[in-house]
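What follows is the residue order along each chain.
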Amino acid sequence: MTAPAAATPAAATPVVGVLALQGDVREHLIALASADAVARPVRRPEELAEVDGLVIPGGESTTISKLATLFGLMEPLRARVRDGMPVYGSCAGMIMLADKILDPRSGQETVGGIDMIVRRNAFGRQNESFEAAVDVRGVEGAPVEGVFIRAPWVESVGAEVEVLAEHAGHIVAVRQGNALATSFHPELTGDHRVHALFVEMARGNPRAGSL
């Protein structure tokens, strides 16, 4: 009797990390697990090496930047993103994936990976937070309910960047290759379709030894 064929990499369950230095880590872990990924927190370079993709969560982008440097993660992150690891940034994570910040804090660094210029806190302060329905290209069905909390927006993008969504005339979701970013927080709504889109990106680019 012929042995069954081994599962192809595209059918494997991707291991997706969440950068667990600051921000809404738990919510992303729950959303990723609901989207059929193996979800793990990532705090050290050796943990980063074990994932097929990574989420950079919302929080405070300056703090995330400083902690990533302190924990020795900034250069490994940049290297893996350059090498094509799927990465998704929400809110502060979008800022971290920008090649340029319009109004950076002193000493603030980014991982980069998306040819865009981002404006921090563009939609207002904490007390001006809001929710809005957003049509996101690549996400089927009804619009995504986006939670905007001190959210950035994208001022401009390069030729290789695909604009996935806009709100009030501003770009709020983009993709460039294996890098995805949103101004808003889909992890706070219970709608995991954006995470499902990202999990499929990670499933299509597994590291050696994924489950």
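Now for a description of the structure that goes with this document. Since the model is a prediction, treat every value here as computed from it, not as a measurement.

**A short note on the pairing of strand β12 (residues 179–182)**
- Burial along β12 is two-sided: the residues Ala 179 and Ala 181 and Leu 180 and Thr 182 are all buried.
- Note that strand β4 (residues 87–90) and β12 share four bridges and pair parallel. Looking across to β12, one finds that Ser 90 is bridged to Thr 182.
- Note: strand β11 (residues 170–176) against β12, four bridges, orientation antiparallel. Paired with Ala 173 across the strands is Thr 182, a residue of β12.
- Counted along the chain from β11 to the antiparallel partner β12, the turn is two residues long, and its residue Gly 177 has a positive phi close to 60°.

**A look at the pattern of salt bridges**
- If you walk through the whole model with that rule in mind, you get 10 salt bridges.
- The residue Arg 44 makes a salt bridge to Glu 47 at a minimum N-O spacing of 3.2 Å.
- By relative accessible area, Arg 44 is classed as partly exposed at 42%.
- Residue Glu 47 is classed as buried on the basis of its relative accessible area, which comes to 18%.
- A salt bridge links Arg 78 to Glu 109; the nearest nitrogen and oxygen atoms lie 2.9 Å apart. On the criterion of sequence distance, the pair formed by Arg 78 in helix α4 (residues 74–82) and Glu 109 in the loop between β5 (98–101) and β6 (114–119) is long-range, its members being 31 residues apart.
- Here Arg 78 falls in the buried class, since its relative accessible area comes to 16%.
- Overlapping salt bridges, with partners in common, bring together Arg 44, Glu 46 and Glu 47 in one network.

Criteria and cut-off values
Residues numbered from 1 in each chain as written. Predicted model: local features only at pLDDT ≥ 70, side-chain atom pairs only at ≥ 80, totals over all residues. Heavy atoms only, no water. Buried < 20%, exposed > 50% of the residue type's maximum accessible area, 1.4 Å probe, protein only. Helix = DSSP H or I, 4+ residues; strand = E, 2+ residues; numbered from the N terminus. Pairing = 2+ DSSP bridges. Salt bridge = Lys/Arg side-chain N within 4 Å of Asp/Glu carboxyl O.

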